[in-house]
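# Topology and contacts: notes
Residues per chain, in single letters:
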Amino acid sequence: MKLSRFALLLVTAACLFATGCASHPYYAVAPAPYASAPPLIERAEHQGFRSGSEDGSRDLYNNFGHHPGRDRSFHDTPGYDLAMGPYAPYRDAFRRAYVRGYDQAFYRR
């Protein structure tokens, strides 16, 4: 009787150990289809940062205060070309880059 309990305990421990050591599948995130940003976003970031830097420098020089959302370039998003793609992603990327450029020029970072 003691041997059967010991054997049962040994078999149970071996099964638990074996199932815990089983190989588990490895899941990885697939890489992005392109390494860099699409041309539409690159152009928006370039144009937005440049416009924001110019406007931030001008506002600092003229003591207008920090108001990046009030400038015309922020709302008009110049440099957009319909042939490059949809407007909404361009506008969003332009405005993010504009504020980044504006802040950098205004606060001289």
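Residues numbered from 1 in each chain as written. Predicted model: local features only at pLDDT ≥ 70, side-chain atom pairs only at ≥ 80, totals over all residues. Heavy atoms only, no water.

### Focus: helix α4 (residues 87-106)
Using the following cut-off: Helix and strand definitions here come from DSSP, where helices need a minimum of 4 consecutive H or I residues and strands a minimum of 2 consecutive E residues; each element is numbered from the N-terminal end. For a helix, the expected span equals 1.5 Å multiplied by the number of residues minus one. Partly exposed residues are those whose accessible area sits between 20% and 50% of the maximum for their type, while under 20% is buried and over 50% is exposed, using a 1.4 Å probe and protein chains only. Note on definitions: a residue-residue contact is assigned when non-hydrogen atoms from the two residues lie within 4.5 Å.
Helix length check: α4 (20 residues) gives 28 Å between terminal C-alpha atoms against 28 Å at 1.5 Å per residue, within 8%. Buried within α4 are the following residues: Tyr 90, Ala 93, Phe 94, Ala 97, Tyr 98, Gly 101, Tyr 102, Asp 103, Ala 105 and Phe 106. Among the structural elements, α2 (39-61) and α3 (72-76) are those in contact with the buried residues of α4. Residue Arg 108 follows α4 closely and has a positive phi angle near 50°.

### A short note on the environment of Phe 74
Among the structural elements, Phe 74 can be located in helix α3. Sequence spacing of Phe 74 and Arg 91 is 17 residues, and the spatial spacing of their C-alpha atoms is 9.0 Å. Look past the residues within four positions of Phe 74 in its chain and what remains in contact with it is Pro 68, Gly 69, Phe 94, Arg 95, Tyr 98 and Val 99.

### Observations regarding the packing of α2 against α4
So the rule is basically this: The convention used is that axes are lines fitted to C-alpha atoms, helices contributing only their stretch in contact, and that angles between N-to-C directions extend from 0 to 180 degrees. Should the near helix be turned anticlockwise from the far one by less than a right angle, the crossing is termed left-handed; should it be turned clockwise, right-handed. When residues are grouped by polarity, Ala, Val, Leu, Ile, Met, Phe, Trp, Tyr, Cys and Pro land in nonpolar, Asp, Glu, Lys and Arg in charged, and all others, Gly among them, in polar.
At a minimum axis distance of 6 Å, the contact between α2 and α4 shows a crossing angle of 35°. Between α2 and α4 lies a crossing of right-handed hand. Among the residues forming the contact of α2 with α4, the class breakdown is 14 nonpolar, 9 polar and 5 charged.

### So, the side chain of Asp 103
Inspection of the secondary structure puts Asp 103 in helix α4. Each residue touching Asp 103, except ones within four places of it in the same chain, is listed here: His 66, Arg 108 and Arg 109.

### With respect to unusual backbone geometry
Even without glycine at this site, Asn 63 takes up a positive phi of about 55°. The phi dihedral of Thr 77 falls on the positive side, at around 45°, and the residue is not glycine. Mapped onto the elements, Thr 77 comes out in the loop between α3 and α4.

### Considerations on the confidence of the model for the protein chain
Our working definition: A score between 0 and 100, pLDDT records how confident the predictor is in each residue.
In this model, the protein chain carries an average pLDDT of 83, and 78% of its residues clear a pLDDT of 70 or more. Per-element confidence in the protein chain is highest for α4, whose mean pLDDT is 95, and lowest for helix α1 (residues 2-20), whose mean pLDDT is 69.

### Here we look at the pattern of salt bridges
Between side chains of opposite charge, a pair can form as their charged atoms come close. Rules: We define a salt bridge as a contact between a side-chain nitrogen of Lys or Arg and a carboxyl oxygen of Asp or Glu at a distance within 4 Å.
Inspection of every chain in the model, using the stated rule, returns 6 salt bridges. With its nearest N and O atoms 3.0 Å apart, the salt bridge here joins Asp 76 to Arg 72. In this pair, Asp 76 and Arg 72 both sit in helix α3, 4 residues apart, roughly one turn of the helix. What makes Arg 72 exposed here is its relative accessible area of 69%. The partner of Arg 91 in a salt bridge is Asp 92, and the shortest N-O contact between them spans 3.4 Å. Judged by relative accessible area, which is 25%, Arg 91 ranks as partly exposed. Salt bridges linked by common partners bring Asp 55, Arg 58, Asp 59 and Asp 71 together as one network.

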